[in-house]
Amino acid sequence: MSFVNFKRILFLALLYIAFLPLFAVAQEHIGRVVGVSDGDTITILDDRKQQIKVRLAEIDTPESAQPYGARAKQELSQLVYGKTVIVKVQDTDRYGRKVGRVYMDDIDINAEMVRLGAAWVYRKYASDQALYTLEKWARQNRVGLWSLPEAQKVPPWEWRKARR
């Protein structure tokens, strides 16, 4: 291969890489919620009758054995079970679940869970500053889990770590 051909191939490869983000389309799923595993995990059934497990991004709810865990699941169920949602996928986690923001009509379900005091902002993964504002409001107004005694307000990531 001549040096000129090599330069052309290199140029085309670099050009392709540079424009790749413009062609990337954010993954989105629309489906009916057919399952709620816990306060931050749902299963949707899309129009192709495929089940997709979804972990709500940027939030973390109490584990089922943790204080407020059953209530967080109940809150999420009341919001979305049996309803059609749009999932804007951000990632896929190590369990194969799609991680994303969930929307129903004009409601951001992830943010709504924080506003209801049913979820913490997941500091390790959160980038949406509005979630922190909602959490602060819920704490100040002792909404949801923020009405629990102080000893029971253990962030789920700390609770899981203590049980390993």
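Report on the accompanying structure. (Residues numbered from 1 in each chain as written. Predicted model: local features only at pLDDT ≥ 70, side-chain atom pairs only at ≥ 80, totals over all residues. Heavy atoms only, no water.)

1. Things to note about the environment of Thr 84
Reasoning step 1: Note that Thr 84 resides in strand 5 (residues 84-92).
Reasoning step 2: Dropping the residues within four chain positions of it, Thr 84 is found in contact with Ile 30, Gly 31, Arg 32 and Met 104. (Helix = DSSP H or I, 4+ residues; strand = E, 2+ residues; numbered from the N terminus. Contact = heavy atoms within 4.5 Å.)

2. Considerations on the packing of aromatic side chains
Reasoning step 1: Evaluation of the coordinates by the stated rule reveals three aromatic pairs.
Reasoning step 2: Here the aromatic rings of Trp 120 and Trp 146 are separated by 5.2 Å at their centres, their planes lie at 70°, and the arrangement is edge-to-face. Of the two residues, Trp 120 sits in strand 8 (residues 120-121) while Trp 146 sits in the loop between helix 4 (129-140) and helix 5 (156-162), which places them 26 residues apart along the sequence.
Reasoning step 3: Overall, Trp 146 belongs to the buried group, its relative accessible area being 3%.
Reasoning step 4: Residues Tyr 122 and Tyr 125 carry aromatic rings whose centres are separated by 4.9 Å and whose planes lie at 85° to one another, so their mutual orientation is edge-to-face.
Reasoning step 5: Joined through ring pairs, the aromatic side chains of Tyr 122, Tyr 125 and Trp 157 make up one cluster.
Reasoning step 6: Here Lys 88 stacks its cationic end above the ring of Tyr 103, 5.4 Å away from the centre of that ring. (Phe/Tyr/Trp six-rings, centres within 6.5 Å; stacked < 30°, edge-to-face > 60°. Buried < 20%, exposed > 50% of the residue type's maximum accessible area, 1.4 Å probe, protein only. Lys NZ or Arg CZ within 6 Å of the ring centre and 35° of its normal.)

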